Number of protein chains: 2
Amino acid sequence: MTAPADPPPAPRRRGRPARTDAAAGPGARERILAAARAEFAEHGYDKASIRGMAKIAGVDPALVHHYFGPKEQIFAAAVEEAVAPALKAPAAVAEGPAEGAGERLARFVLGVWEDPATREPMLAILRSALANDTAAGVFRDLISSRVMIRVAAELGGPDARLRAELAAAHLVGVSMLRHVIKIEPLASADIEQVIAMTAPAVQRHLMGG
Amino acid sequence: MTAPADPPPAPRRRGRPARTDAAAGPGARERILAAARAEFAEHGYDKASIRGMAKIAGVDPALVHHYFGPKEQIFAAAVEEAVAPALKAPAAVAEGPAEGAGERLARFVLGVWEDPATREPMLAILRSALANDTAAGVFRDLISSRVMIRVAAELGGPDARLRAELAAAHLVGVSMLRHVIKIEPLASADIEQVIAMTAPAVQRHLMGG
């Protein structure tokens, strides 16, 4: 994901749209997304500005618009990138015997939160989503369509969507108390103990009963 | 909690501390706390200012300091007031037979989140706590000392604190996905169904096994 050879953004001309095609290098999109995440985390969804993102990324604001369009679409792209590791959750449920699905999902989701490299981008997005209805909607639509519907399809049976969401709610709540609020002893507990104690509840949600 | 007869705050004099004792009316403290909550919710912990709180409350900034001291202590008081409804959770666990503790705790906590009058102040505080380490510490200390230690004392047995925290994590996660992210079908599900589906997992955490 390094981008040593991006061409510099085209200079902006007054009175007409900036030419931005020449700046579309292989690393620019990733750099802008990282900058957008930082801008949303620092200022919240409402006050985050395209100008601020462009400044952090070291590009012309027109280039940000060129790649992503308006703010809501930048946020959607940032959410998609930040939650990309979590999008493999349906596979974690599917790959193996049903009686181990709760343990596999708990291990997978808590593991994504355990690693700072995957936790911090998700947390930045989650903070924005918790503070703003538009941002919450973007986050909700992605999680619904890419995770919950797919997990529910693996589960089948009555209330599969609701059961998938309750399982996810448990794991998100554990991750937030452990890594953000940092309440003890949960924050320092061995991850294997946390997985072992959470998996039966997750399993019960997934399989019903 | 109405305060129709507060005396007006003392006028501020340049060059010396304002005299504030005369403004210590019965409703001023509550008004300042509500203003502090609004200021923290709007600007986040870091950027919230005592001047901003005073402006919203219609009092002199010196009066805010007179009642609460520095920002961290104002936040602590705002947290204490906002989570006051949740502080009865240990009683919900204690009052009744052990086999119904999970259902009582789920009903109590989800009920506090169901009512906008108790949800919105808690949510404002939680948003600040999720975005700032100092705020998270204030929130954590209060929840640990006033809720988790007491619930754990009711439970007894090994890992009582950890089990109390996992039960709380589940209920906080459900409340956030239902009321903040508003993911469907959880957001619109009948509250009795949500309680019925969540209670067994909470019971399992509380009672071990």
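Rules used throughout
One numbering rule holds for all chains: residues counted from 1, following each sequence as written. Key to labels: chains lettered from A, ligands numbered from 1, both in the order written. Per-residue local features are limited, in this predicted model, to residues with pLDDT of at least 70; the limit for side-chain atom pairs, both in listing and counting, is 80 or more; totals at the level of whole chains, interfaces and linings are taken over all residues. The basis for the side-chain values is all heavy atoms of the structure; hydrogens and waters are excluded. Numbering of helices and strands runs from the N terminus; a helix is a DSSP stretch of H or I covering at least four residues, while a strand is a stretch of E covering at least two. Buried means the residue's accessible area, taken with a 1.4 Å probe over protein chains only, is under 20% of the maximum for its type, while exposed means over 50%, and partly exposed covers the values in between. Whether two residues are in contact is decided by their heavy atoms: any pair within 4.5 Å suffices. Shrake-Rupley sampling with a 1.4 Å probe provides the accessible areas, and residues are treated as covered by the protein chains on show and by no other component. Superposition of the copies was done by least squares, using only C-alpha atoms of residues whose pLDDT is at least 70 in both. Pairing of aromatic rings covers Phe, Tyr and Trp, the last through its six-membered ring, and needs centres within 6.5 Å; plane angles under 30 degrees mean stacked, over 60 mean edge-to-face, and all others mean tilted. Should the NZ of a Lys or the CZ of an Arg lie within 6 Å of a ring centre and within 35 degrees of the ring normal, that charge is described as sitting over the ring. UniProt positions are given in the numbering used here, feature names are shortened, and annotations may be inferred rather than shown by experiment. Salt bridge, as applied in this entry: a Lys or Arg side-chain nitrogen positioned within 4 Å of an Asp or Glu carboxyl oxygen. Note on residue classes: Ala, Val, Leu, Ile, Met, Phe, Trp, Tyr, Cys and Pro are nonpolar, Asp, Glu, Lys and Arg are charged, and everything else, Gly too, is polar. As used here, the term nonpolar core means buried Ala, Val, Leu, Ile, Met, Phe, Trp, Tyr and Cys residues forming a set that is joined through side-chain atoms within 4.5 Å. Helix axes are fitted to C-alpha atoms over the stretch in contact, other axes to C-alpha atoms as well, and angles between N-to-C directions run from 0 to 180 degrees. These descriptions rest on fixed angle ranges, namely under 35 degrees for roughly parallel, over 145 for roughly antiparallel, 65 to 115 for roughly perpendicular, and the rest for oblique. Here is the rule for handedness: rotate from the far helix to the near one, and if that takes an anticlockwise turn smaller than a right angle the crossing is left-handed, while a clockwise turn gives right-handed. For the purposes of these results, a polar contact is taken to be a pair of N or O atoms within 3.5 Å, where, inside protein, one atom must be able to donate a hydrogen and its partner to accept one; residues adjacent in sequence count only when each atom of the pair is a side-chain atom.

For the rest of this paragraph, the subject is the overall build of chain A. In terms of helices and strands, chain A carries 10 helices and 0 strands. Counting from the amino terminus, chain A carries its helices and strands in the arrangement α-α-α-α-α-α-α-α-α-α. The proportion of buried residues among the 209 residues of chain A is 52%. Restricting to contacts in chain A with at least 6 residues of sequence separation, those with at least 24 account for 62%. When the accessible area of chain A is evaluated, it comes to approximately 9400 Å², of which 55% is carbon and sulfur surface.

Let's shift gears to the relation of the copies chain B and chain A. For the pair chain B and chain A, the relating rotation is 180°, the translation along its axis is 0.0 Å, and the fit reaches an RMSD of 0.0 Å. Such values leave the two copies arranged in the relation of a two-fold axis. A symmetric contact is evident, with 100% of the interface residues of chain B recurring at the interface of chain A.

Applying the stated criterion to the full structure yields 8 aromatic pairs over all chains. Both rings, one in Phe 40 of chain B and one in Tyr 45 of chain B, keep their centres 5.7 Å apart while their planes meet at 5°; by these two values the pair is stacked. For Tyr 45 of chain B, a relative accessible area of 8% puts it in the buried group. Measuring from ring centre to ring centre gives 5.2 Å for Tyr 45 of chain B and Phe 75 of chain B, while their planes differ by 85°; the resulting arrangement is edge-to-face. Placement of the pair is Tyr 45 of chain B in helix H1 (residues 28–47) and Phe 75 of chain B in helix H4 (residues 71–82), with a sequence separation of 30 residues. Phe 75 of chain B gets classed as buried once you look at its relative accessible area, which sits at 0%. Grouped by ring-pair contacts, the aromatic residues Phe 40, Tyr 45 and Phe 75 of chain A constitute a single cluster. For Lys 71 of chain B, the ring lying beneath its charged end belongs to Tyr 45 of chain B, and the centroid distance is 5.1 Å.

The feature "DNA-binding region" (unreviewed entry), as annotated in UniProt, sits at residues 49–68 of chain A in this numbering. Helix makes up 80% of residues 49–68 of chain A and strand 0%, with an end-to-end C-alpha separation of 13 Å.

So, about the interface of chain B and chain A. Counting residues at the interface gives 42 residues for chain B, matched by 42 residues for chain A. At the junction of chain B and chain A, the tally comes to 3 salt bridges. Where Lys 182 of chain B meets Asp 133 of chain A, a salt bridge forms, and the shortest distance between an N and an O atom there is 4.0 Å. Only H1, helix H7 (116–131), helix H8 (133–155), helix H9 (160–179) and helix H10 (191–207) of chain B provide two or more residues apiece to the side of chain B that touches chain A. Considered class by class, the residues forming the side of chain B that touches chain A number 23 nonpolar, 7 polar and 12 charged.

With that out of the way, let us pick up unusual backbone geometry. Cis peptide bonds are those with omega within 30 degrees of zero, and the linkage from Glu 184 of chain A to Pro 185 of chain A qualifies with 10°. One can find Pro 185 of chain A in the loop between helix H9 (160–179) and helix H10 (191–207). Although it is not a glycine, Lys 182 of chain B sits at a positive phi angle of roughly 60°. Here Lys 182 of chain B is to be found in the loop between H9 and H10.

Before going further, it helps to examine the nonpolar core. Soluble, globular proteins show a tendency: their nonpolar side chains are buried together. One finds Leu 105 and Phe 139 of chain A together with Leu 105 and Phe 139 of chain B to be the most contacted residues of the largest nonpolar core, which totals 141 residues. When near neighbours in sequence (up to four residues on either side) are disregarded, Phe 139 of chain A contacts Val 79, Val 83, Ile 125, Leu 126 and Ala 129 of chain A together with Ile 181 of chain B.

Moving on, we get to the pattern of salt bridges. Any two side chains of opposite charge can pair, on the condition that their charged atoms come close. Residue and element names in this part refer to chain B. Counting across every chain of the model gives 17 salt bridges over all chains. For Glu 81, the salt bridge goes to Arg 37, with nearest N and O atoms at 2.7 Å. A residue pair is termed long-range when its members are at least 10 positions apart, and Glu 81 in helix H4 and Arg 37 in helix H1 qualify at 44 residues. Notably, a salt bridge pairs Glu 165 with Arg 161, separated by 3.9 Å at the nearest N-O pair. Of the two residues, Glu 165 and Arg 161 both sit in helix H9, 4 residues apart, roughly one turn of that helix. Classification of Glu 165 as buried rests on a relative accessible area of 0%.

Below, the discussion takes up the packing of H4 of chain B against H8 of chain B. Residues and elements named next belong to chain B. Two elements in contact, H4 and H8, have axes whose closest approach is 10 Å; the angle formed by their N-to-C orientations is 45°. Considering the angle they form, H4 stands oblique to H8. The crossing of H4 and H8 is right-handed. Contacts between H4 and H8 involve Glu 72, Phe 75, Ala 76, Val 79 and Glu 80 from the former and Thr 134, Ala 135, Val 138, Phe 139, Leu 142 and Arg 146 from the latter. A class-by-class count of the residues in the contact of H4 with H8 yields 7 nonpolar, 1 polar and 3 charged.

Before going further, it helps to examine the side chain of Arg 119 of chain B. Residues and elements named next belong to chain B. Mapped onto the elements of the fold, Arg 119 is located in helix H7. Residue class for Arg 119 comes out buried when judged on its relative accessible area of 13%. A distance of 3.4 Å separates polar atoms of two side chains, one belonging to Arg 119 and the other to His 179.

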